[in-house]
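The residues making up each chain are set out below.
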Amino acid sequence: MKYLSALLMLILMGTSIAANAPALPGDSLYQLKVKLTARDGSRPRLDQLRGRPVLISMFYASCGGICPAVAFNMRRMEAALTPEQRQNLRSVMVSFDPAHDDQAALGKFARDNKLEDPRWIVARTPLSSVRELAAALRFRYRELPGGGFSHSTIITVLDADGVVRARTSDLAQLDPEFMRVLSAMTSTKVQP
Amino acid sequence: MRTPLTALLVLVASVAAGAERVAIGPGKFESVLPPGPGITSMEVRRFLLDRKPVTNAQFLEFVRAHAEWRRDRAPQLLADSQYLAHWRGPLDLGPAAGSSQPVTHVSWFAAKAYCEAQGARLPTWYEWEYAAAASETSPDARRDPAWRQRILDWYARPSTAGLADVGAPPANYYGVFDLHGLVWEWVLDYNALLVSNDSREQGGADRAKFCGEGALSAKDRENYAVLMRIAFLSSLEANYTTANLGFRCATEAK
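What you are looking at is a predicted structure, and each value in this text was computed from that prediction instead of being measured.

### Quick word on the overall build of chain B
Regarding its fold elements, chain B presents 6 helices and 7 strands. Moving toward the C terminus, one meets the helices and strands of chain B in the order α-β-β-β-β-α-α-α-α-β-α-β-β. A total of 254 residues make up chain B; the buried ones form 41% of that total. Intrachain contacts of chain B at a sequence separation of at least 6 include 74% that bridge at least 24 residues.

Here you go:
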């Protein structure tokens, strides 16, 4: 009974928080209702990351060189932040190949690329949702005959409301302008 | 290979049935945008395509039923500030938007939502290109200089004149209208046409490039009309709207 009332309390609090949240900006990525399936089988919605800055990019698990390079660059970006900044940040990679990237494939990609920190979400979403997310992120991809994709390497930083603040396709170095924005975004203390 | 006569019979049959969509394909064809290095020919599976672009009146009906797509409600992420700007009000076409004119000032997101509301989808680029290769009499008229010139003449015409109503004859080989000569059209995979070459462009900006080794073969370079489409579609982002960009829907063939 005690548990039940505590649960009820939590639900009520959750509702009131949602009701009190200021309206989402019109250009927020969270205007899209993207339902993810993470590598552990959990089903987070992308807009549940609201409240924190987010690094986001897209990939496909069987990608040989470039997707690991994007993941590596995202980790390099994180590493360039202070531990406090890093705590505020969430990092997301969403597969654009839902036909092949099941949970096992997502798990392997996360393991191989050291994306297993709980701050990371490596996930898939249905094809229609992939198209919308890619479109909103200006991420271009094209399936090649015989398997594989040609695709962009864009990494995007979202502010706490899901608005795009910077994009970079630079894998050769840490894009200084992008890092300036990322650092500023992650410097604000996030409500736990 | 279908003869013009069978095409005519199919057309007559579909008009008699009041069909708004016609079956196209399956077939093999050479796209101006080869799918990959050394691959010139590709298969298009059978699909159904709207005979005409979606009109202002049809889109108004959709907006009435799906209020989240009203121009005063759709978020900027999904449709830019010019979304349905030619209408007098959010639910009022007014004099500048004829009910039978193709709807324009629509974003990719809005077009996708419209088609999904009809149980359909946007056509893919290859489907669109395959259907648009047809003249009135031939399923693939792309080597016909006279036909090519007619299409190019449209692109050369100033766009200040108002848009014609949809469905102006002649229909093409499949019974489809307005693939050329009226508006640009969104396709489902508008963002897959030109992709930054990830394997060779590390460190570069996100410049659009022809994918992989899929360089255009010499004969295709003459197909300016279709190349212009590709260049135009590739320049778009999904929330963009313009005064001459509309769409039509497609479905899988049953």
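### Examining the overall build of chain A
Of the regular secondary structure elements, chain A holds 6 helices and 8 strands. Along its sequence from the N terminus, chain A presents helices and strands in the succession α-β-β-α-α-β-α-β-α-β-β-β-β-α. A buried classification covers 41% of the 192 residues belonging to chain A. Residue pairs at least 24 apart in sequence account for 64% of intrachain contacts in chain A once pairs closer than 6 positions are excluded.

### Digging into the pairing of strand 3 (residues 90-95) of chain A
All names here are of chain A. When you tally the buried positions in strand 3, you get 5 out of 6 residues, the bulk of the element. Pairing of strand 2 (residues 54-59) with strand 3 involves 6 bridges; the strand directions are parallel. Residue pairing across strands places Phe 59 opposite Ser 95, the latter belonging to strand 3. In this structure, strand 3 lies alongside strand 4 (residues 120-124), joined through 4 bridges in parallel fashion. Following the sheet pairing, Met 93 is matched in strand 4 by Val 122. Taking the sense of rotation as the criterion, the β-α-β connection linking strand 3, helix 4 (residues 103-112) and strand 4 turns out right-handed.

### Some thoughts on helix 3 (residues 108-117) of chain B
When you tally the buried positions in helix 3 of chain B, you get 7 out of 10 residues, the bulk of the element. Among all positions in helix 3 of chain B, only Trp 108, Phe 109, Ala 110, Ala 111, Lys 112, Tyr 114 and Cys 115 of chain B are buried. If you follow the buried residues of helix 3 of chain B, they end up packed against helix 5 (127-137) of chain A together with helix 2 (56-65) of chain B. At the C-terminal side of helix 3 of chain B, Gly 119 of chain B shows a positive phi close to 70 degrees.

### Brief notes about helix 2 of chain B
Residue and element names in this part refer to chain B. Residues of helix 2 that are buried: Asn 56, Gln 58, Phe 59 and Val 63. Burial along helix 2 is one-sided: seen end-on, the buried residues are contained in an arc of 160 degrees. Away from the buried face of helix 2 by more than 90 degrees, exposed residues Arg 64 and Ala 65 are located.

### What about the sheet that holds strand 2 of chain A?
All names here are of chain A. Read from one edge to the other, the open sheet built from 6 strands follows the order 1-4-3-2-7-8, with strand pairing classed as mixed. In the strand order of this sheet, the two ends are held by strand 1 (37-38) and strand 8 (164-168), each with one partner. Here helix 2 (residues 66-79) sits on the sheet in contact with strand 2, strand 3 and strand 7 (155-158), set at roughly 170 degrees to strand 2.

### Considerations on the pairing of strand 2 of chain A
Residues and elements named next belong to chain A. Taking burial as the measure, the 6 residues of strand 2 include 6 buried ones, the bulk of the element. With burial as the criterion, each face of strand 2 is covered, one bearing Val 54, Ile 56 and Met 58 and the other bearing Leu 55, Ser 57 and Phe 59. Alignment of strand 2 against strand 7, held across 3 bridges, turns out to be antiparallel. Paired with Ile 56 across the bridge in strand 7 is Thr 156.

### Section: the sheet that holds strand 7 (residues 250-252) of chain B
Residue and element names in this part refer to chain B. As summarised here, the arrangement of the 3 strands in space is 1-4-7, forming an open sheet in which the pairing is antiparallel. If you trace the sheet from one side to the other, it starts and ends with strand 1 (21-24) and strand 7, each paired once. Averaged over neighbouring strand pairs, the angle between their axes works out to 25 degrees when direction is ignored. Inspection of the sheet shows strand 4 (residues 47-50) paired to strand 7 by 3 bridges, in the antiparallel sense. Bridge pairing in strand 7 links Phe 47 to Glu 252. Set on the sheet, helix 4 (residues 125-132) makes contact with strand 1, strand 4 and strand 7; between it and strand 4 the angle comes to about 70 degrees.

### Section: the environment of Leu 33 of chain B
Residues and elements named next belong to chain B. Relative to the elements of secondary structure, Leu 33 occurs in the loop between strand 2 (27-29) and strand 3 (42-44). Since 21 C-beta atoms lie within 10 Å of it, Leu 33 is described here as buried. Spatially, the C-alpha atoms of Leu 33 and His 180 are 18 Å apart, while their sequence positions differ by 147 residues.

### Observations concerning unusual backbone geometry
All names here are of chain B. Gly 25 connects to Pro 26 through a cis peptide bond whose omega is 5 degrees. Omega for the bond connecting Pro 169 with Pro 170 falls within 30 degrees of zero, at 5 degrees, which places this linkage in the cis form. Mapping Pro 170 onto the fold places it in the loop between helix 5 (145-156) and strand 5 (184-185).

### Some details on the environment of Phe 109 of chain B
Tracing the backbone shows Phe 109 of chain B in helix 3. Spatially, the C-alpha atom of Phe 109 of chain B lies 15 Å from that of Ser 234 of chain B, the residues being 125 residues apart in sequence. Among residues more than four places away in sequence, those in contact with Phe 109 of chain B are Glu 132 of chain A together with Leu 78, Ala 79, Ala 238 and Asn 239 of chain B.

### Digging into the environment of Gln 58 of chain B
Residues and elements named next belong to chain B. Mapped onto the secondary structure, Gln 58 falls in helix 2. Overall, the presence of 20 C-beta atoms within 10 Å leaves Gln 58 in the buried class. Along the sequence, Gln 58 and Val 103 sit 45 residues apart, while their C-alpha atoms lie 8.3 Å from each other.

### Quick notes on the packing of helix 5 of chain B against helix 6 (residues 224-234) of chain B
Residue and element names in this part refer to chain B. At a minimum axis distance of 9 Å, the contact between helix 5 and helix 6 shows a crossing angle of 45 degrees. When the axes of helix 5 and helix 6 are compared, the pair comes out oblique. On helix 6, the residues touching Ile 151, Leu 152 and Tyr 155 of helix 5 are Tyr 224, Ala 225 and Met 228. Considering only residue class, the contact of helix 5 with helix 6 consists of 6 nonpolar, no polar and no charged.

Conventions and cut-offs
- Every chain is numbered independently, its residues counted from 1 as its sequence is written.
- Chain letters start at A and ligand numbers start at 1, both assigned in the order the entries are written.
- Whole-chain, interface and lining totals are the exception, using all residues; otherwise, since this is a predicted model, local features are given only for residues with pLDDT of at least 70 and side-chain atom pairs are given and counted only at 80 or more.
- By the criteria applied, helices consist of DSSP H or I runs no shorter than four residues and strands consist of E runs no shorter than two, each listed in order from the N terminus.
- Counting other C-beta atoms within 10 Å of a residue's C-beta gives its exposure: the residue is buried at 20 or more, exposed at 12 or fewer, and partly exposed in between, where C-beta atoms are placed from the backbone.
- Working definition of a contact: two residues with C-beta atoms, positioned from the backbone, lying within 7 Å.
- The pairing criterion is simple: DSSP has to find at least two bridges between the two strands.
- Think of it like this: strands point away, you trace from the first strand over the helix to the second, and a clockwise trace means the crossover is right-handed.
- Along the arc lie the directions from the helix axis toward the C-beta atoms.
- Axis definition: a line fitted to C-alpha atoms, limited for helices to the stretch in contact. Angles are taken between N-to-C directions and run from 0 to 180 degrees.
- Comment on the angle field: the value is read as roughly parallel under 35 degrees, roughly antiparallel over 145, roughly perpendicular from 65 to 115, and oblique elsewhere.
- Just so you know the grouping, Ala, Val, Leu, Ile, Met, Phe, Trp, Tyr, Cys and Pro go in nonpolar, Asp, Glu, Lys and Arg go in charged, and all remaining residues, Gly too, go in polar.

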